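A closer look at the structure
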There are 2 protein chains.
Amino acid sequence: MNVADLLRVRPGSPVDLRSIDASGTPGLEGPREQEKAAAATLHQQNCDAMQSLQYLLWAERRQALLVVLQGMDTAGKDGTIRNVYGVLNPQGVRVTAFTQPTERELAHDFLWRVHRATPAHGQIVIFNRSHYEDVTVVRVQNLAPKEVWSKRYEHINAFERLLVDSGTSIIKIFLHIDRDEQKQRIESRLSDPTKSWKFAASDISERKHWDDYTDAYNDAISKCSTAHAPWFVVPANRKWYRNWAISTITRHTLEKMNPRTPAAKFEAGSIKVD
Amino acid sequence: MNVADLLRVRPGSPVDLRSIDASGTPGLEGPREQEKAAAATLHQQNCDAMQSLQYLLWAERRQALLVVLQGMDTAGKDGTIRNVYGVLNPQGVRVTAFTQPTERELAHDFLWRVHRATPAHGQIVIFNRSHYEDVTVVRVQNLAPKEVWSKRYEHINAFERLLVDSGTSIIKIFLHIDRDEQKQRIESRLSDPTKSWKFAASDISERKHWDDYTDAYNDAISKCSTAHAPWFVVPANRKWYRNWAISTITRHTLEKMNPRTPAAKFEAGSIKVD
């Protein structure tokens, strides 16, 4: 079974993050060092394939790919972008990081700023955080009443359906780390001077709401993993596993999209260059 | 002498593209195969250095880099982006391609759409074509009267001064190919089915204006190569030379910017992670 199938959350089957081992390596269950070496090789092959497929996607200019990255603080969103999507040609890729909405953005519905950032045909767009913040942090921090955020799951599913119907494939990836792993990662930001710029006071304050975030993600992933826009829960304590799993999922999605070089718009031999 | 110094157009010294050999390899004048191998190795080192410097630029979040790419059709703008800037982390880089302005853009001054696309602190932005189209194609195609476009050189210099004064370094690169090389490249788009999607009828019609474009670029580069935002004329018939020269220029610019990890905003040992 392909790792994409192993990690995909089936529509209608509720997910419970508490029951999923964040240090697990589904699909690579052999001796650790052996699997780690295999994953590195396969990851490199995935990256090469992604480059070729991106070129065809760009040439074809009829489809697009949207990758949504979510996870607790320090889950590895930035590292995933660097290690997986860093191989892509920047001309066809865009990363949009969604931070606290501005006043202007808050004066619109929650999908307004998100819609503006969706990919055009030929493009790959990575969301570093996304509209899923509007049913997780907004819920946990009580930034909107329940009657507001509870309606959003349906809005999200309809919005994603619109994108898919217009030629955009969607992959949604939850980087699953556990509380112990987060502790270690925050501590390394605190002790390593080259990482201290990444530390934010919110790393500590948000951590206190770990359980509430887990509940919010359980609901978001369960309600919004659809056939057209699936969620993947990727165990992410081990970075080598995370990179391999995500490059595999991305490669398989691009292969299914099957982009092709368009036919020439001129007749062979009909044009002379002076 | 560093290749950046060799290729930089000195402020106030008029450039004449007709006198510059597009097949030349300034700075790499030894036996061809030997220089080619050396360039490949040095280019790889430049790319590694650019990755590290980009990381620091992003962490520091106080400066930005803007790279302007111009050149005749088929000069290699896309290939430069893929081969030089493709190594950067997409989270900190953005490519903006300026095509024909929309009606909305035309209802503003010519720098309006350009200004919106400039990099924020920490970012690297690549312009695939730029505001220099407004003093080249606009002039050659008579899209605006001379009294309009002739004032633009000063507007451009003032605009670029504004960016530099706000922490953005600017590199402007003219990819210099000759008419024979363009002929070969267009012919290969016509004969190779995997490249035919790149062919546009304008490749043929614009080529008829080669001399006018050369005049327009001579003026634009001569009038707008300033100490704060220099032009580099890069001989680009040979792709291996072009890639090496541009990665060298970019690396040296980033080194001069000297980005640094910011100091920690907390006292060491003062924060506990529960």
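One can find the structure itself at the top, above this paragraph.
Quick summary incoming for the structure in this document. (Residues numbered from 1 in each chain as written. Chains lettered and ligands numbered in written order. Predicted model: local features only at pLDDT ≥ 70, side-chain atom pairs only at ≥ 80, totals over all residues. Heavy atoms only, no water.)

Summing up its helical and strand segments, chain A has 12 helices and 5 strands in all. For a compact globule of 274 residues, the expected C-alpha radius of gyration is about 19 Å, and chain A comes in at 20 Å, within 12% of that figure. Judged by the C-alpha coordinates and their principal axes, chain A covers about 70 × 50 × 40 Å. Going through the 274 residues of chain A one by one, you find that 54% of them count as buried. Look at the contacts in chain A between residues 6 or more apart in sequence, and 82% of them connect residues 24 or more apart. Here chain A displays about 12,700 Å² of accessible surface, and carbon together with sulfur accounts for 49% of that area. Averaging the locations of the 37 positively and 33 negatively charged side chains of chain A gives two centres separated by 2 Å. (Helix = DSSP H or I, 4+ residues; strand = E, 2+ residues; numbered from the N terminus. Rg over C-alpha atoms; globule rule 2.2 N^0.38 Å. Buried < 20%, exposed > 50% of the residue type's maximum accessible area, 1.4 Å probe, protein only. Contact = heavy atoms within 4.5 Å. Areas by Shrake-Rupley, 256 points an atom, 1.4 Å probe, with all protein chains shown as cover. Lys, Arg positive; Asp, Glu negative; His and termini not counted. Charge placed at Lys NZ, Arg CZ, Asp CG, Glu CD.)

A contiguous patch of positive charge, built from R104 and R116 of chain A together with R104 and R116 of chain B, is present on the exposed surface. Position of R116 of chain A relative to the elements: it lies in helix α5 (residues 112–116). Overall, the relative accessible area of 56% leaves R116 of chain A in the exposed class. (Patch = residues over 30% accessible without salt bridge, like charges linked within 9 Å, V, L, I, M, F, W, Y side chains within 5 Å. Salt bridge = Lys/Arg side-chain N within 4 Å of Asp/Glu carboxyl O.)

What follows covers the sheet that holds strand β1 (residues 64–71) of chain A. All names here are of chain A. Pairing is parallel across the open sheet formed by 5 strands, whose spatial order is β2-β3-β1-β4-β5. Looking at strand neighbours, the two that pair on one side only are β2 (93–97) and β5 (231–235), the edges of this open sheet. Here the average twist between neighbouring strands, direction ignored, is 20 degrees. Taken together, the 5 bridges between strand β4 (residues 168–176) and β5 define a ladder with parallel strand orientation. In the strand pairing of β5, L175 is matched with V234. This element, helix α11 (residues 210–224), spans β1, β4 and β5 of the sheet and lies at about 135 degrees to β5. (Pairing = 2+ DSSP bridges. Axes fitted to C-alpha atoms, helices over the stretch in contact; angles between N-to-C directions.)

What follows covers the packing of aromatic side chains. In this description, a pair of aromatic rings is defined by centroid distance and the angle of the planes. Enumeration according to the criterion identifies 14 aromatic pairs over all chains in this entry. When the ring of W197 of chain A is compared with that of Y55 of chain B, the centres are 5.6 Å apart and the planes differ by 80 degrees; the resulting orientation is edge-to-face. With W197 of chain A in the loop between α9 (179–191) and α10 (201–207) and Y55 of chain B in helix α2 (residues 32–60), this residue pair bridges two chains. The class for Y55 of chain B is partly exposed, based on a relative accessible area of 30%. Cluster of aromatic residues (ring-pair linked, three or more members): W240, Y241 and W244 of chain A. It is R152 of chain B that lies over the ring of F110 of chain B; its NZ or CZ is 4.5 Å from the centre. (Phe/Tyr/Trp six-rings, centres within 6.5 Å; stacked < 30°, edge-to-face > 60°. Lys NZ or Arg CZ within 6 Å of the ring centre and 35° of its normal.)

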